[in-house]
Structures are given as C-alpha cells and as structure tokens.
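Coordinate inspection notes
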Amino acid sequence: MHRNQITELLNIKYPIFQGGMAWVSDADLAGAVSNAGGLGIIAAGNAPADWVESEINKIRKITDKPFGLNIMMMSPFKDEVCELALKLEVPVIITGAGSPGNYLELWKKKNIKVIPVCPSTSFALRMERYGADAVICEGTEAGGHVGQLTTMALVPQVVDAISIPVIAAGGIADKRGAAAAFMLGASGVQVGTRFLVSKECNVHQNFKDKVISSKDIHTVVSGLNTGHPVRSIKNSLTNKFKKLEKTGAPMDEFDNVGKGALRKAVVEGDIKNGSLMAGQIAGLIKDELSCSEIIDEIINGAYDLIESFNK
Ligand code: TUI
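This text gives an overview of the structure that appears in the document. Keep in mind it's a predicted model, so treat the numbers as computed, not measured. (Residues numbered from 1 in each chain as written. Predicted model: local features only at pLDDT ≥ 70, side-chain atom pairs only at ≥ 80, totals over all residues. Heavy atoms only, no water.)

What follows deals with the sheet that holds strand 11 (residues 230–233). Spatially, 7-11-10 is the arrangement adopted by the three strands of the open sheet, whose pairing is antiparallel. The sheet is open, and its two edges are formed by strand 7 (144–145) and strand 10 (219–222), each paired on a single side. For strand 10 and strand 11, the ladder comprises four bridges, and the chain directions are antiparallel. Bridge assignment links Val220 to a residue of strand 11, and that residue is Ser232. Across the sheet, helix 11 (residues 236–246) touches strand 10 and strand 11, and the angle it forms with strand 10 is around 40 degrees. (Pairing = 2+ DSSP bridges. Helix = DSSP H or I, 4+ residues; strand = E, 2+ residues; numbered from the N terminus. Contact = heavy atoms within 4.5 Å. Axes fitted to C-alpha atoms, helices over the stretch in contact; angles between N-to-C directions.)

For helix 6 (residues 121–130), the set of buried residues is Phe123, Ala124 and Met127. Relative to the axis of helix 6, the buried residues are bounded by an arc of 100 degrees and lie together on one face. The exposed set on the far side of helix 6, more than 90 degrees from its buried face, consists of Ser122 and Arg129. Looking one or two residues past helix 6, Gly131 carries a phi angle of roughly 105 degrees, positive in sign. (Buried < 20%, exposed > 50% of the residue type's maximum accessible area, 1.4 Å probe, protein only. Arc of directions from axis to C-beta.)

For strand 4 (residues 92–96), the tally of buried residues reaches five of five residues, placing the bulk of the element in the interior. Side-chain alternation along strand 4 places Val92, Ile94 and Gly96 on one buried face and Ile93 and Thr95 on a second face that is also buried. Bridge count for strand 3 (residues 67–72) against strand 4 is five bridges, and the pairing is parallel. Bridge pairing in strand 4 places Met72 opposite Gly96. A crossover links strand 3 with its parallel partner strand 4, the connecting element being helix 4 (residues 78–88), and its sense is right-handed. Relative to strand 5 (residues 113–118), strand 4 is paired through four bridges, and the arrangement is parallel. Paired with Val92 across the strands is Lys113, a residue of strand 5. Crossover strand 4 to strand 5 through helix 5 (residues 103–109) is right-handed. (Right-handed = clockwise from strand over helix to strand, strands pointing away.)

Turning to the site of the ligand, a few remarks are in order. Around the ligand sit 14 residues, and of these Ala97, Gly98, Phe123, Glu138 and His145 come closest. In the environment of the ligand, a nitrogen atom lies 3.1 Å from a nitrogen or oxygen atom belonging to the side chain of Glu138. In the environment of the ligand, a nitrogen atom lies 2.9 Å from a nitrogen or oxygen atom belonging to the backbone of His145. Looking at the shell around the ligand, its residues break down into eight nonpolar, five polar and one charged. (Near = heavy atom within 4 Å. Polar contact = N/O pair within 3.5 Å; in protein donor to acceptor, adjacent residues only side chain to side chain. Nonpolar A, V, L, I, M, F, W, Y, C, P; charged D, E, K, R; others polar.)

The next point concerns the environment of Gly101. Among the structural elements, Gly101 can be located in the loop between strand 4 and helix 5. For Gly101, a relative accessible area of 31% puts it in the partly exposed group. Each C-alpha atom of the pair Gly101 and Tyr130 lies 8.6 Å from the other, and the pair is 29 residues apart in sequence.

Looking at where Thr219 falls in the secondary structure, it is placed in strand 10. Note on Thr219: relative accessible area 10%, which makes it buried.

Here we have eight strands laid out as an open sheet, ordered 1-9-8-6-5-4-3-2, and parallel in their pairing. The sheet terminates laterally at strand 1 (16–18) and strand 2 (40–43), the two strands that pair on one side only. Neighbour to neighbour, the strand axes of the sheet diverge by 25 degrees on average, direction disregarded. Across the sheet, helix 2 (residues 27–35) is in contact with strand 1, strand 2 and strand 3; its angle to strand 2 comes to roughly 165 degrees.

Let us look at the state of the cysteines. One pass over the full model with this rule turns up zero disulfides. Its sulfur unpaired, Cys291 is 7.9 Å from the next cysteine sulfur, which belongs to Cys201. Its relative accessible area of 0% is what places Cys291 among the buried residues. (Disulfide = S-S within 2.5 Å.)

The following block contains the structure:
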C-alpha cells in the first residue's frame, strides 16, 4: 500500500528511517524499527569497530529485515568502521558529517545501498554523480551535528536538482511533518528524536523525560565557530559552550568541555552536564510509545492526511 521508490529500493514496508543517533541507536532500537517495517539504523558515532561489529551481529539475531549502519565521517575510527561495513556487507550505509569519498565505490561493488546525509544541493549533486542510491536531506531543525538550511528550504531544492530519491530529515516527529515532507517531494522521512523517546530505546530515562518536558525554544546550537555546530537541549553544558564562544576560546577548550558529554547524558542520565542532543521538534513529544506505534502514527497517519486533503 505504501510502496514507493524508497521501499522498493531497500525492500522495506514503510518509507521511514530511524535516525542514526550516536550512543543512542543500538541494535535493540534499530532491530525494533526494522521489525516494525521501517529502516532501523545502528549509529557507529565515535565508537571503535569492535563495538559496531557486535551490534551488527546482535541485530542479525533480532531481525531478518534490512537495516542500516550510520557512519560518522568525523570519527577517529571512520576507516576501520568503513572497512568493517564492507566486510560484513551491511545492507544499507548512511554517511554523515562529511563525505563517504572513495568508500562509496567500494561499497557499491558489494551491492550495498549507500545513502549520504546532504546539507546542501551541491553536495547532493556530487553524491548522485558518485553513484549514491538516494540522499538524506537533513535540515538544521535536527538534533546533533547540523547544517545551516532548514528542511523546508533544502528538500524541494534538492528534489528538483537530482534524480535519485530524497529522504527528508530534521523537524519530523508526527504525521503532519511526514505529510509535509512528502508534499515537498521526499520519498521517505528520517526521524530521530521521536524514536529516542520510544519503549525500545535504551537511553537513560532522565534523557527521555527531559525531551518530554521540553518546549519548542529549548534546543540551542553550540560550537558554530568550531565548524562542528551541535543542536542539543539547553543545560549547564550548553551554557559553558556559550561562554567559550563569547570569549573566542580555541577549539581544544570546546573539545575538553564536550568530551564524553554524550555518554554522560545517554548512559548516566546526567541532564545537567551531559549533551542532550535532540531536535527542535522535541517540544511536540509528550509520551513514550513503541516503535511500531510511532511508525503507524507517522506513516499511516500521513497517508490518511494526504488522502483526506485530496477529497
Ligand atoms: O551527523 C549528523 N549528526 C550527528 S553526528 C553526531 S556525533 C558527534 N558527537 C560529538 C560532536 C559532534 C558530533 C551527532 N549528530 N548528521 C548528519 C549530517 N551530516 N549533518 C550535516 C552533515 C554533513 C555536513 C557536511 C554532511 C556532509 C558534509 O560535507 C561537507 C563536505 O563538503 O565534505
């Protein structure tokens, strides 16, 4: 019923990806999303290849459906994770925070589907030329490492510029966001923050509760002057970043303050000093649901909305 270019390309039931969130998107979360008919994605983040390998082995026990691996191209372990993905022939690779470079061709030779995150039209054109199967256009509404353009502006411009399918990301957490993305010409949606507050997500309860109690204006972008801006929920940590920005502190001071902060939030539930990476849509999320409930509300809800609009 919901088959389109993306569901055909990846052999999945619903055109929805669960965002690859560093420290958050493990085999349990990704496996639950894939079992529910979306594309579950394990996030390699800054983790070494042995952790990634164990999560891939784990997800293959949880589901026989396709899944993805998000490779963060700024990771110190980028090369070993890229090689591992090739060796284990993961079905889908999503790259973020940089270019997949020469790996794209190597992965394509193994018939791996490659979907880079693109912050601009020129980057999307380059990825299409290099042989990407689809692109994810992620607006600055997203949590974590962000580009400058909004989803609303980025998606239709990329859709007009390239011929491969576009997945919209950033600011989407319900049926209205997904319907809007489809109207912009997207063939699928990627959803992060909504899945962070899911029953199958292993994130510390304090982090989930913080998202649930957030309002629309509670996320901020830190580190614009470092070249690696990150969106997260305001707290003591983001206030420290703000002070460093005001004094024009050097890059290594930002690194020292930010080191280990994501783990602190996700694993320890330290909502004061941890990095609470979340998107601007956090204010919309009011409850914890199962992954299958989330997918049903977003995708079946979006199709119903579009249908009722056409009547
Ligand atoms: O990668 C993300 N979001 C992330 S990665 C992450 S892990 C992290 N931990 C600590 C500090 C910083 C990051 C948390 N959130 N989203 C995908 C994304 N990719 N957003 C923007 C881009 C991007 C930016 C530039 C993709 C390609 C690109 O290429 C520039 C070029 O010309 O090579």
